[in-house]
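Listed below are the residues making up each chain.
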Amino acid sequence: MSLPPLVEPSAELSRDEVARYSRHLIIPDVGVTGQRRLKNARVLVLGAGGLGSPTLLYLAAAGVGTIGIIDFDTVDESNLQRQVIHGVADLGRPKTHSARDSIAAVNPLVDVVVHDQRLEAADAVELFADYDVIVDGADNFATRYLCNDAAVLAGKPVVWGSIFRFDGQVSVFWQNAPDGRGLNLRDLYPQAPPPGSVPSCAEGGVLGVLCASIGSIMATETVKLICGLGDSLLGRLMVYDALAMTYRTVRLERDPAGAQITELIDYDDFCGVVSDDAAAAAVGATWTARELRDALDGPAAPAVIDVREPVEFEINRIDGATLIPLDDVLSGRALGDIPHDRRIVLYCKTGVRSAQALAALRREGFADAVHLGGGIASWAATVDPTMPVY
């Protein structure tokens, strides 16, 4: 079922715009009027990363008149495998600035609005009110739920995408959709997953080209909403499996028991970074990289245990560390492999998984076990700057 066009047409196209967008203009369903709608549209993209990169480039090329970009991060070398809007010359630059320049190189007719900030509850609804469509390319659950709830309160549609390893998902959420099919993210995922149960792309990885597949669908859905074309993914979830090379759609229904969204909440608390048990275990049991270095150089060196996955262990590790993946710690399978005659120091990439492992070991009687705050990323930054990072 088609939705009515979201944006009214702009003034007439210039001669340059007619030349640039000619392949759109000769599509009967788009035509001059559709292109004028795109010119008049205002789209806010959350994140200039893996999903934001292809989405931003294609929206700019399509002629969306105003594109807002909200991101607080800088370009890192590990981004370049998938974030195609950035290049080597952009390393260290704010992602919003790099993306703005890339958009200008693709289409100088687009007005880019840069928001160098995190999305915050204090001004999210007001920010969303300035745009017609919100594109959610965020990489963490707290921002996704904040985006969803702010869009509900602002009455805006959200084009939502998610990626992990070889899999992707795309849908459209619009609580106030004019055809009555209103849904939001909480109808699909009422609660965020337990802290640490779903690895991030930084922990689990993502196939770079998957971003192009999902990002292009997100851009397509945005154009369809603006112009009122075709059947939106509102009420449907598209699931992509790159290894099987299959797309399938799942019908979504509004959750009749779902809570009404009437205000924004503390989303870090709602989603959590680590579980309550892990947070409690880490209190007074978190070492810095320097403390670990000093202990390893001392007379009673601790046993260092890496709770990451084997593929991560292959990339980098602290010398002398033993690999025991988190699942083996949590299940109890590895308890017999953990020394009882030395202090245990656990680490992962950033400290989230090691805090979970710490809580599990404390329950098993390892009263003096500790974990490395900031993980191996902190070790590489402060102790071993030659260590490869990922």
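Remember, predicted model here, so these are calculated numbers, not experimental data.

Rules behind the numbers
Residues numbered from 1 in each chain as written. Predicted model: local features only at pLDDT ≥ 70, side-chain atom pairs only at ≥ 80, totals over all residues. Heavy atoms only, no water. Helix = DSSP H or I, 4+ residues; strand = E, 2+ residues; numbered from the N terminus. Rg over C-alpha atoms; globule rule 2.2 N^0.38 Å. Buried < 20%, exposed > 50% of the residue type's maximum accessible area, 1.4 Å probe, protein only. Contact = heavy atoms within 4.5 Å. Salt bridge = Lys/Arg side-chain N within 4 Å of Asp/Glu carboxyl O. Expected span 1.5 Å × (residues − 1). Pairing = 2+ DSSP bridges.

(A) Representation of the overall build of the protein chain. Within the protein chain, the regular secondary structure consists of 17 helices and 13 strands. Taking 2.2 N^0.38 as the reference for a compact globule, 390 residues should give roughly 21 Å; the C-alpha atoms of the protein chain span a radius of gyration of 24 Å, in line with that estimate. Dimensions of the protein chain, computed from C-alpha atoms along their principal axes, come out at roughly 80 × 50 × 40 Å. A total of 390 residues make up the protein chain; the buried ones form 49% of that total. Sequence separation of 24 or more characterises 70% of the internal contacts of the protein chain that already satisfy a separation of 6 or more.

(B) Inspection of the side chain of T222 at higher detail. With respect to the helices, strands and loops of the structure, T222 is situated in helix 10 (residues 208-227). With sequence-adjacent residues up to four places away left out, T222 is seen in contact with V43, L59, V133, V135 and V159.

(C) View of the pattern of salt bridges. Enumeration over the complete set of coordinates arrives at 16 salt bridges. Note that D149 and R186 form a salt bridge whose closest N and O atoms lie 2.7 Å from each other. Here D149 is found in helix 7 (residues 141-154), whereas its partner R186 is found in helix 8 (residues 185-188), with 37 residues between them in sequence. The two residues D149 and R186 agree in class, both being buried. Close ionic contact of D277 with R363 constitutes a salt bridge, the shortest N to O distance being 3.8 Å. Pair noted here: D277 is in helix 12 (residues 276-282) and R363 is in helix 16 (residues 352-363), with a separation of 86 residues, a long-range link. Taken together, the shared-partner salt bridges connect D90, R93, R100 and D101 into one network.

(D) Fine view of helix 16. Its twelve residues give helix 16 an end-to-end C-alpha distance of 17 Å, which sits within 8% of 16 Å, the value for a rise of 1.5 Å per residue. Counted residue by residue, helix 16 has ten buried out of twelve residues, so it is predominantly covered. Here helix 16 has its buried residues at V352, R353, S354, A355, Q356, A357, L358, A359, A360 and L361. Residues of helix 16 that are buried make contact with helix 9 (201-204), helix 12, helix 14 (310-315), helix 15 (326-331), strand 12 (344-347) and strand 13 (370-372). Backbone geometry just downstream of helix 16 places G365 in the positive-phi region, at approximately 100°.

(E) Local environment of the pairing of strand 4 (residues 133-136). The alternating pattern of strand 4 places V133 and V135 and I134 and D136 on opposite faces, both of which are buried. Bridge analysis of strand 4 against strand 5 (residues 158-164) gives three bridges, and the strand direction is parallel. Note on strand 5: the bridge partner recorded for V135 is V159.

(F) Structural view of the pairing of strand 10 (residues 303-306). Burial along strand 10 is two-sided: A303 and I305 and V304 and D306, pointing in opposite directions, are all buried. Note: strand 10 against strand 12, four bridges, orientation parallel. Following the sheet pairing, V304 is matched in strand 12 by V345. By the bridge criterion, two bridges tie strand 10 to strand 11 (residues 322-323) in an arrangement that is parallel. Note on strand 11: the bridge partner recorded for D306 is L323.

(G) How the structure looks around the environment of L229. Positionally, L229 belongs in the loop between helix 10 and strand 7 (236-241). Among the residues examined, L229 registers a relative accessible area of 19% and is labelled buried. Measuring from C-alpha to C-alpha, the distance between L229 and L3 comes to 7.4 Å, with 226 residues separating the pair along the chain. Discounting chain neighbours no more than four positions away, the residues touching L229 are D29, V30 and K224.

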